[in-house]
There are 2 protein chains.
Amino acid sequence: MNKSSSSVAEIQNQTDDKTLSGQTTLALREAIIKGDIAPGEKLNEPKLAEQFQVSRGPLREAIRRLVAMRLVKHVPHVGATVVTLELKSILELYDVREALEGKAAALAAENMSPQDIAKLRSLLELHRQHSEDNPGQYMQTDGDFDFHYQIIKGSGNQLLTDQLCDELYHLIRMFRFQTSRFKSRSNRALIEHEQLIYAIEQRDPQLAEMLMRKHIARAKTAIKQALGNIESSDIEPSSVK
Amino acid sequence: MNKSSSSVAEIQNQTDDKTLSGQTTLALREAIIKGDIAPGEKLNEPKLAEQFQVSRGPLREAIRRLVAMRLVKHVPHVGATVVTLELKSILELYDVREALEGKAAALAAENMSPQDIAKLRSLLELHRQHSEDNPGQYMQTDGDFDFHYQIIKGSGNQLLTDQLCDELYHLIRMFRFQTSRFKSRSNRALIEHEQLIYAIEQRDPQLAEMLMRKHIARAKTAIKQALGNIESSDIEPSSVK
DNA sequence: TGAGTGCGCATTGTCAACAATATCTTGTTT
DNA sequence: AAACAAGATATTGTTGACAATGCGCACTCA
């Protein structure tokens, strides 16, 4: 397959695109995800082009790619704005994740090579150990995503992988940045991951799918409960500069 | 909701984009789906710009949008080519459909309004009648898609709807055009649709999801059997001019 | 004759100026 | 004073020219 990537930082795709529009896409994407450009904010082409030291051409292209990633909304003759992740959108995102990643887990149980399964288990052990050493850890969520990422890739379905890792993944990252205060420090995820990898090792697609779906559905419920009351009062654009 | 659309021809989104790049996107998309530009063929920017009577700017933008729709592959400094739908990609597509449309059916069973369910049933009756009148019909597949389309929209999940109807839908259309000779004339789909709508009327999400998944999985199996032997011998670019 | 190298051409990437559209401001009218 | 209309301004859409990269061809040399 590819090189044995496992770190989140390594996930960055499109790294081999030395073209200006490619570079601008990466820069603009990170600026949006990290909140340097606030949700709902308008993307002024001349201003941003100046800021990124490129012409409007490549910048426009970058914007269109971010539209495809659903990080940006665009209206003809009006302009592009950063998406605002209100609760409804996030819950929708988790329903889609449940469907896609559930199927990914099932396919992984069928297709994943023994070597990749072994790597997945060692990754889990790594996270478990880190979790024991640092009780109030915040690497939890990143570790969670490493795990999911490996399973998705293990599905062997390129379309599925593209949809999850190239598009929806960045939406999730953006949401995580905006709500990084509420990092769930429960080690429940660790237990559920343990069950999941067991199902994959047993080559049980149905069980793997069900476990993954419950895992994500639980996360969705937790989000709903945490954000359901406050909604837009505490989810403000956040001056995270 | 929206206007009560039901015809396939009416599905065309992006119709309100009077901009040149928008129009060019539609034209180029149809040219690719219908095979006027063959699978694997290179998209020559100056040539196509001349052909569509636009500058290279809007044309490039159209290409990028088709890349997002997965109808076109692009390599920096080399160019864009129409995707080639080999069997593997198509099976992958159907796995993704199974996951997403399964979830859509479950959500539709929960959220669809009684009025929309009634419209869905009348649509089914329309197709059944058409099927009885014309035993060797070829409206079957289009009717099939109308049905699926309405259920997806009935899910009430905007992200899910966008992913299926704005992106994957066109891939499916392209595949259908290329294999239009093998139109399955079985009325099995009609029976399965009947079961599905019953589950939705009963507000049974789990049953609806399972029926939808089996429905799509069966279609996948049929495709595998029909194309598994011949593969690239009969799926040639096809000079459908 | 075959392999390798360098040149030339075709194509993609980028830029800055121009055109078209929307938004904002200002003034007028009721 | 509020609402509407018309003009001014800012922003997006489009264009053609220029730069950079890749590819193919021919030519050379072993």
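Data block above holds the structure.
To keep things clear, this report deals only with the structure shown in the data block. All values reported here derive from a predicted model rather than from experimental measurement.

Reading the values: rules and limits
- Residues numbered from 1 in each chain as written.
- Chains lettered and ligands numbered in written order.
- Predicted model: local features only at pLDDT ≥ 70, side-chain atom pairs only at ≥ 80, totals over all residues.
- Heavy atoms only, no water.
- Contact = heavy atoms within 4.5 Å.
- Buried area = accessible area lost by both parts, 1.4 Å probe.
- Salt bridge = Lys/Arg side-chain N within 4 Å of Asp/Glu carboxyl O.
- Helix = DSSP H or I, 4+ residues; strand = E, 2+ residues; numbered from the N terminus.
- Nonpolar A, V, L, I, M, F, W, Y, C, P; charged D, E, K, R; others polar.
- Phe/Tyr/Trp six-rings, centres within 6.5 Å; stacked < 30°, edge-to-face > 60°.
- Buried < 20%, exposed > 50% of the residue type's maximum accessible area, 1.4 Å probe, protein only.
- Lys NZ or Arg CZ within 6 Å of the ring centre and 35° of its normal.
- Near = heavy atom within 4 Å.
- Polar contact = N/O pair within 3.5 Å; in protein donor to acceptor, adjacent residues only side chain to side chain.
- Axes fitted to C-alpha atoms, helices over the stretch in contact; angles between N-to-C directions.
- Parallel < 35°, antiparallel > 145°, perpendicular 65-115°, else oblique.
- Left-handed = near helix turned anticlockwise from the far one by under 90°.

1. Focus: the interface of chain B and chain A
Across the contact, 29 residues belong to chain B and 29 residues belong to chain A. For the pairing of chain B and chain A, the buried interface totals around 2600 Å² over both sides, and the portion due to carbon and sulfur atoms is 49%. At the surface where chain B touches chain A, the tally comes to 14 salt bridges. A salt bridge links Asp95 of chain B to Lys103 of chain A; the nearest nitrogen and oxygen atoms lie 3.9 Å apart. At the level of elements, helix H3 (56-68), helix H4 (87-111), helix H7 (158-178) and helix H9 (205-228) of chain B are the ones that each hand at least two residues to the side of chain B that touches chain A. Here the residues of the side of chain B that touches chain A sort into 10 nonpolar, four polar and 15 charged.

2. Considerations on the packing of aromatic side chains
All names here are of chain A. Using the criterion set out here, one finds six aromatic pairs over all chains in the structure. Taking the centre distance of 4.6 Å and the plane angle of 40° together, the rings of Phe145 and Tyr169 count as tilted. Taken as a pair, Phe145 in helix H6 (residues 140-154) and Tyr169 in helix H7 (residues 158-178) lie far apart in primary sequence, 24 residues in all. Each member of the pair, Phe145 together with Tyr169, is buried. Members of the aromatic cluster, each reached through a chain of ring pairs, are Phe145, Tyr149 and Tyr169. One cation-aromatic arrangement involves Arg97 over Tyr94; the distance from NZ or CZ to the ring centre is 5.2 Å.

3. Observations concerning the protein's contact with DNA strand D
If you check the shell around DNA strand D, you find 21 residues, and the closest are Arg56 and Arg60 of chain A together with Thr19, Leu20 and Ser55 of chain B. Sugar plus phosphate, as a fraction of atoms of DNA strand D within 4 Å of the protein: 75%. Take Arg60 of chain A: an N or O atom from its side chain is 2.7 Å from a phosphate oxygen of DNA strand D. With respect to DNA strand D, the side chain of Ser21 of chain B contributes an N or O atom lying 3.3 Å from a phosphate oxygen.

4. Description of the packing of helix H4 (residues 87-111) of chain A against H4 of chain B
It is the contact of H4 of chain A with H4 of chain B, at a shortest axis distance of 9 Å, that shows an interaxial angle of 140°. The angle between H4 of chain A and H4 of chain B places the two elements in the oblique class. Along this stretch, H4 of chain A crosses H4 of chain B, giving a crossing that reads as right-handed. Contact residues: H4 of chain A offers Asp95, Val96, Glu98, Ala99, Leu100, Lys103 and Leu107 of chain A, while H4 of chain B offers Asp95, Val96, Glu98, Ala99, Leu100, Lys103 and Leu107 of chain B. Each residue belonging to the contact of H4 of chain A with H4 of chain B can be placed in one class, and the counts come to eight nonpolar, no polar and six charged.

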